[in-house]
Amino acid sequence: MKFRSALAATLGVLACAPAFGTDATPSAVDVVKLYEQHCAACHAVNRLGGMGPALLPENLSRLRKGEAAKVIAEGRAATQMAGFAAQLSKEEIGALIEWIYTPVVPEPRWTDDDIRASRVVHVDPATLSDKPVFDADPMNLFLVVEAGDHHVSVLDGDKLEPIFRFQSRFALHGGPKFAADGRYVFFASRDGWITKFDLWNLKVVAEVRAGINTRNVAASPDGTHVAVANYLPNTLVLLDGDLNLLKTIPATDRDGKKSSRVSAVYDATPRQSFIAALKDVGEVWEISYTKAVEDIPISYIHDYTQREGTFIPGYLNPRRTILAEVLDDFFFTQDYSELMGASREGVGQVVNLDVRKKIANLPLEGMPHLGSGITWEWKDPAAGPDAKPRTVMASTNLKAGEVTVIDMKTWEVVKRIPTRGPGFFLRSHGNSRYAFVDSMMSPEAKHILQVIDKHTLEVVKEITGEPGKTLAHIEFTRDGRYALASLWEDEGAVIVLDAQTLEEVKRLPMRKPVGKYNVWNKITREEGTSH
């Protein structure tokens, strides 16, 4: 695909176009230089996205130009998008706005043939050992994603020491996904690459590029099915366990008229299916990866028993739940029968995946980050010693300084716990009394972790780092004895804390460790971590 020539044509058009929001013409602005200097590092020189999203009209359809100008000037909450008001004039911002809302011609495409042609096999699976090549407990390993130099470190969770480090694709996103025995793990990069890694042999097995701008990957527990959520193109891509293409599903509404980005895909192990969130269409999809599933009706059915109507196979086809609002951030009950969803505007609701409809509203405010939620059994201290335990869910908020605790039976708010500022991650463990929350979206408090007592629902301690440096993302060891925090800086570290005394045990230098993932906690869907 000749992206550079397409961009040159686009720039030729822009040279004669008026700047948004100004009386000046962009001819006075070198938009190419501006973009390369301020935007290309995250959004790619061809605008197809990297660490940041693709800057194309189809990706910006829900963002008006005036709002886009505000984002460029002020930045955007819950993302790495910084504000550029101090570096760019209104005229320069206007020129950039006109550019990113101008289509690239020809339109970028990534076809099934492109996917198949991109697949690379790095090692013959027949040559790999069927046992771990190291002495560490394979179920208590950590994968640490280091964004500073695009590497992944493997930590021994017992000795709390690294045992291996390898280079990853650029800008991994969405967290690694493990097969049930912990041997194979799948990574997704922002630019669409899916990597299969053999954790027992410490080798990259295969890779394939499933899209141009990808959000995340999900894998079935047996590792035979892999799903990829794409922003560009608007597709859900289904692969087998060796990363061969099984199917590409265009993300369109029920009538096939409106296209949507796929904001995330999740494995729902108890249902033997993937659940997909659509960012631009009010639908939730369920895609079964077992062939032992009923067919899907796609027309008016006169008689189910006589099959009077039109059906498609239930295997690898979307079963749609139609909603009034768009939801793109999910949290699931432990049995995956219900999901709690929220939009970026803070609209929250509960959807039952069996009856395929909304069953309750969620009293949420700001911008809740349900995808980072956790659960535990809680007894109300005010109800006395004989109080029955209640399952509660807690979530951070990307705009408000609070952790919201919700009763998962009544769907009512139990408590709003004040925090230092808007946060992204919330983590705990079934063997720990404590939950850890960051305030990484707050410039003033991003260096502070707060510890919440899950019994009293009160903040009981603050763990303070160096002001101006981000301290975030806790992950526990398999037994819950230690909690590992990230000093989220280029010359950063994984900080090991005693999960009972809350004192620092040691530091492991790392290059911007943006995420840590314990094998056991992930494959068992431990209540204190996100899924």
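Before any of the text, the structure's been laid out above.
What this report covers is the structure whose coordinates are included nearby. (Residues numbered from 1 in each chain as written. Predicted model: local features only at pLDDT ≥ 70, side-chain atom pairs only at ≥ 80, totals over all residues. Heavy atoms only, no water.)

### Regarding the overall build of the protein chain
Next, step 1: Each helix and strand in the protein chain was counted, giving 7 helices and 35 strands.
Next, step 2: Against the 2.2 N^0.38 benchmark of 24 Å for 531 residues, the protein chain shows a C-alpha radius of gyration of 23 Å, consistent with a compact globule.
Next, step 3: With 531 residues in all, the protein chain has 57% of them scored as buried.
Next, step 4: Considering only contacts in the protein chain between residues 6 or more positions apart, those separated by 24 or more positions represent 50%.
Next, step 5: When the accessible surface of the protein chain is split by element, carbon and sulfur atoms take 50% of a total near 22,600 Å².
Next, step 6: Taking the average place of the 62 positive charges on the side chains of the protein chain and the average place of its 69 negative ones, the gap between the two points comes to 2 Å. (Helix = DSSP H or I, 4+ residues; strand = E, 2+ residues; numbered from the N terminus. Rg over C-alpha atoms; globule rule 2.2 N^0.38 Å. Buried < 20%, exposed > 50% of the residue type's maximum accessible area, 1.4 Å probe, protein only. Contact = heavy atoms within 4.5 Å. Areas by Shrake-Rupley, 256 points an atom, 1.4 Å probe, with all protein chains shown as cover. Lys, Arg positive; Asp, Glu negative; His and termini not counted. Charge placed at Lys NZ, Arg CZ, Asp CG, Glu CD.)

### Some details on the nonpolar core
Next, step 1: Among the nonpolar cores identified, the biggest contains 25 residues, and Ile194, Val217, Val228, Val237, Leu239 and Leu243 are the most heavily contacted of them.
Next, step 2: Put simply, the parts of the chain that give this core at least two residues each are strand S6 (184-188), strand S8 (203-209), strand S9 (213-219), strand S10 (225-232) and strand S11 (235-240).
Next, step 3: Every residue in contact with Val217, bar those within four places of it in the chain, is listed here: Lys177, Phe186, Phe187, Ala188, Ile194, Val226, Ala227, Val228 and Val265.
Next, step 4: Grouped together as the second largest cluster of nonpolar side chains are 24 residues, Phe134, Ala136, Val152 and Leu172 included. (Core = buried A, V, L, I, M, F, W, Y, C linked by side-chain atoms within 4.5 Å.)

### Re the packing of helix H2 (residues 31-38) against helix H5 (residues 90-100)
Next, step 1: Relative to each other, H2 and H5 sit at 90°, their axes nearing to 10 Å. With respect to H5, the axis of H2 lies roughly perpendicular. Contacts between H2 and H5 pair Val31, Val32, Leu34 and Tyr35 from the former with Glu92, Ala95, Leu96 and Trp99 from the latter.
Next, step 2: Residue composition of the contact of H2 with H5, grouped by class: 7 nonpolar, no polar and 1 charged. (Axes fitted to C-alpha atoms, helices over the stretch in contact; angles between N-to-C directions. Parallel < 35°, antiparallel > 145°, perpendicular 65-115°, else oblique. Nonpolar A, V, L, I, M, F, W, Y, C, P; charged D, E, K, R; others polar.)

### Digging into the side chain of Asp240
Next, step 1: Within the secondary structure, Asp240 is located in strand S11.
Next, step 2: An unpaired buried charge is present at Asp240: no salt bridge exists, and Arg119, the closest side chain of opposite charge, is 5.9 Å distant.
Next, step 3: From its side chain, Asp240 meets the backbone nitrogen of Asn244 in a polar contact 2.8 Å long. (Salt bridge = Lys/Arg side-chain N within 4 Å of Asp/Glu carboxyl O. Polar contact = N/O pair within 3.5 Å; in protein donor to acceptor, adjacent residues only side chain to side chain.)

### Considering the sheet that holds S9
Next, step 1: With respect to topology, 4 strands assemble into an open sheet ordered S9-S10-S11-S12, the strand pairing being antiparallel. In the strand order of this sheet, the two ends are held by S9 and strand S12 (245-250), each with one partner. Ignoring strand direction, the axes of neighbouring strands in this sheet form an average angle of 20°. (Pairing = 2+ DSSP bridges.)

### So, the environment of Lys357
Next, step 1: Note that Lys357 resides in strand S22 (residues 357-362).
Next, step 2: Between the alpha carbons of Lys357 and Leu426 there is a distance of 28 Å; along the sequence they are 69 residues apart.
Next, step 3: Not counting residues within four places of it along the chain, the set of residues in contact with Lys357 comprises Thr321, Val350, Val351 and Asn352.

### Some thoughts on the environment of Val45
Next, step 1: Position of Val45 among the secondary structure elements: in the loop between helix H3 (40-43) and helix H4 (65-74).
Next, step 2: Separated by 10 residues in the primary sequence, Val45 and Tyr35 place their C-alpha atoms 7.9 Å from one another.

### A word on unusual backbone geometry
Next, step 1: Looking along the chain, the bond that leaves Leu232 and enters Pro233 is cis, with omega of -10°.
Next, step 2: Relative to the elements of secondary structure, Pro233 occurs in the loop between S10 and S11.
Next, step 3: With a phi close to 55°, Leu160 is a non-glycine residue in the positive phi region.
Next, step 4: Within the secondary structure layout, Leu160 lies in the loop between strand S3 (151-156) and strand S4 (161-167).

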